[in-house]
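Each chain is listed here by its residues.
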Amino acid sequence: MPGTKPADPFLSTAWLAAGRSLERPPAGVRDTVTLRLELTDPPPGAPPALDVAVDLAAGRLGVAAAAGEPPGLRITLPHAAARALLLGSPQERAGVFERGDVRAEGNFSLLFFIDAALRRDGSGHVAALRAAAGLTGSRETGETAGVEEEAEATGAAGAKEAAEAVERAREALPGTVREIEREVGTSTPGAQLHVSLDGVTLADAGLGEARPGVPMTHRSLPLWYCCAKPLLSAALGRLWEAGAYDPYLPVSHYLPEFGGEGKESITSMDLLTHTGPLPTGGDPLHGVVAGPDGERLRRALGVAVPPHSRRAPGVNYSQWWAWFVLARILPAVDGREYRPYVEEEILGPCGMADTRVHLTPEDFAAFGDRLPLIHVSNPGSAPQPTHWWSTEAATTRCIPGVNTRGPLSDLGRFLTMLLRGGDAPGGRVMSPTTAVALTARHRTGLYDRYGNADWGMGFRLECRHLGEEFTSFGTHASPRSYGHDGLWTAVAFADPDAGLTVAVHLNGKVEHERHRERIIRIADAVYEDLRLC
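An account of the accompanying structure is given in this report.

What counts and how
- Residues numbered from 1 in each chain as written.
- Predicted model: local features only at pLDDT ≥ 70, side-chain atom pairs only at ≥ 80, totals over all residues.
- Heavy atoms only, no water.
- 1 Å grid on protein atoms, 1.4 Å probe; cavity = no way out; pocket = protein on both sides within 12 Å on 5 of 7 lines; lining within 4 Å.
- Points joined across faces, edges and corners; volume = space filled by probe spheres on them.
- Helix = DSSP H or I, 4+ residues; strand = E, 2+ residues; numbered from the N terminus.
- Nonpolar A, V, L, I, M, F, W, Y, C, P; charged D, E, K, R; others polar.
- Pairing = 2+ DSSP bridges.
- Axes fitted to C-alpha atoms, helices over the stretch in contact; angles between N-to-C directions.
- Contact = heavy atoms within 4.5 Å.
- Expected span 1.5 Å × (residues − 1).
- Bend = angle between axes of the 7 residues up to and from the residue.
- Buried < 20%, exposed > 50% of the residue type's maximum accessible area, 1.4 Å probe, protein only.
- Parallel < 35°, antiparallel > 145°, perpendicular 65-115°, else oblique.

**Some points on empty space enclosed by the protein**
Alright, step 1. On inspection of all chains with the given rule, the structure shows 8 cavities of 30 Å³ or more.
Alright, step 2. Of the volumes computed, that of the largest cavity is approximately 60 Å³.
Alright, step 3. As for the largest cavity, its lining consists of L35, L85, L86, R93, L111, I114, D115, L118 and W388.
Alright, step 4. Of all the secondary-structure elements, those providing two or more residues to the lining of the largest cavity are α2 (79–87) and α4 (110–120).
Alright, step 5. Counting residues per element, the lining of the largest cavity draws most heavily on α4, at 4 residues.
Alright, step 6. Looking at side-chain class alone, the lining of the largest cavity contains 7 nonpolar, no polar and 2 charged residues.

Below is the structure:
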């Protein structure tokens, strides 16, 4: 009929037939991962759910109507969002999880590697499926700032300063810089390093690229990922010290709206030590981690805990849900939201002037196109730039414990404050007793498959004494060392016995085993360079 909108070919019979004609990824091998897309609005004649197999190494893509038991990653989303996730640009894929109408369950971290495989499209399968869906033209939408813009922003003086910073680091820590240079250009496009000893900075440098065409310098603002979680720990520690808050009381004592649905007994300490009853794959913010505030708040506070898991012992690492809930305690007790509290009571006294708990729209307009991008390496392929946590929506939303950005020198200042018992250049942040309490062993006898074992109040602790597989910060770090890591990109820790702080960011994400090997090697080099073994 005239004026009738043509049917969307995505997920049509013809589109699915085009998918069946492609060489399918090999089943049952480590490099092939599978996800199920469950549509909330399937078009007439389209399957209500789609199984997608992705060959991370060769890029082959298999699509078929869902059948059998669901795989370990399930995403419920509208038809348009499914099209963007499979066939869109990197920015459009990131935008799927900013909408507010998407849900995910399972191993969310697989999405980073799926994203890289779809972007690279080594087999041409994505291009073929785009053509079958009637999509033409480039999927890229201006992701490179370009050397010219960066040169204009930093100038010759800035470039000279950055080069001198690298040479100072090389002189002080030659083996460490050499180990980082082994990774730059292979597993990661760029890196940033900060090391201080007894409060004196020995290295503060950036190497390689922050994003295509933009150098990584000591002034770049990489994503801290979960290395930012201890900021909230410090904020709650201050309230504990003041007698206004007790981490052993149920969260619902401070947030009545958090009660019910099996959450009544969950304490702040449960969340801070990642021993709450919700498994990692069941994080209620999966799917909307960078979504609208109202929807995130509704899901985070209203989640129901299944009866069978309400007191299940074990490690249930919370990437974002627990920290989103814990951050709500600050305004309930103090009156200030997370960002102003952290800026005024922690960043300010520590002299962390360049750190952004989250960007403002003005920040993004000024330098959003120069922010370091996370790159992801799949087996046998070069790191691919992604746009996770780098779009305007994600960078300007408060995601406590995840999307803080700043130079690692600022992260070093925070760790040095803790080493000094809470004392900072701009005034005392907390008492020595509180600093020790935050980094003491509050979780013992529990561990997970990623080598995490004993835990403080939001701090990962060195656990090499439990076995080599539980090494946290290197083979030379003392048992009193504490800090955090950022999902397969970063590590930051302090060693009280050595008076040492170390922060390393690699903006190339690799699988867990490969990342652990390179981080331990770099951390060990620091101790060896400084003869602290």
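**Focus: the sheet that holds strand β1 (residues 32–39)**
Alright, step 1. Pairing is mixed in the open sheet, where 5 strands are placed in the order β3-β2-β1-β4-β5. Two strands in the sheet have a free side with no partner beyond their single neighbour: β3 (61–65) and β5 (103–106). Each strand axis lies, on average, 20° off the axis of its neighbour in the sheet, ignoring direction.
Alright, step 2. When strand β2 (residues 49–55) meets β3, the two strands line up antiparallel, connected through 5 bridges. Each residue of the ladder has a partner; that of D51, found in β3, is A64.
Alright, step 3. In this fold α4 packs onto β1, β2, β3 and β4 (73–77), with an angle of close to 75° to the strand it touches most, β4.

**Description of helix α12 (residues 338–350)**
Given 3.6 residues per helical turn, the α-helix brings residues three or four places apart onto the same face.
Alright, step 1. Between its terminal C-alpha atoms α12 stretches 17 Å, which fits the 18 Å expected from 13 residues at 1.5 Å a residue.
Alright, step 2. Maximum bend of α12: about 35°, positioned at E344.
Alright, step 3. Among the residues making up α12, those that are buried are Y338, Y341, V342, E345, I346, L347, P349 and C350.
Alright, step 4. Against the buried residues of α12 lie α8 (229–241), α11 (321–333), α15 (408–419), β11 (423–424) and β12 (427–428).
Alright, step 5. Phi turns positive one or two residues past the end of α12, at G351, with a value near 75°.

**Description of the packing of helix α10 (residues 293–302) against α11**
Alright, step 1. The N-to-C vectors of α10 and α11 enclose an angle of 95°; their axes lie 10 Å apart at closest approach. Between α10 and α11, the crossing angle belongs to the class labelled roughly perpendicular. Between α10 and α11, the contacting residues are R296, L297, A300 and L301 on the first element and W321, F324, V325 and R328 on the second.
Alright, step 2. Across the contact of α10 with α11, the residue classes tally to 6 nonpolar, no polar and 2 charged.

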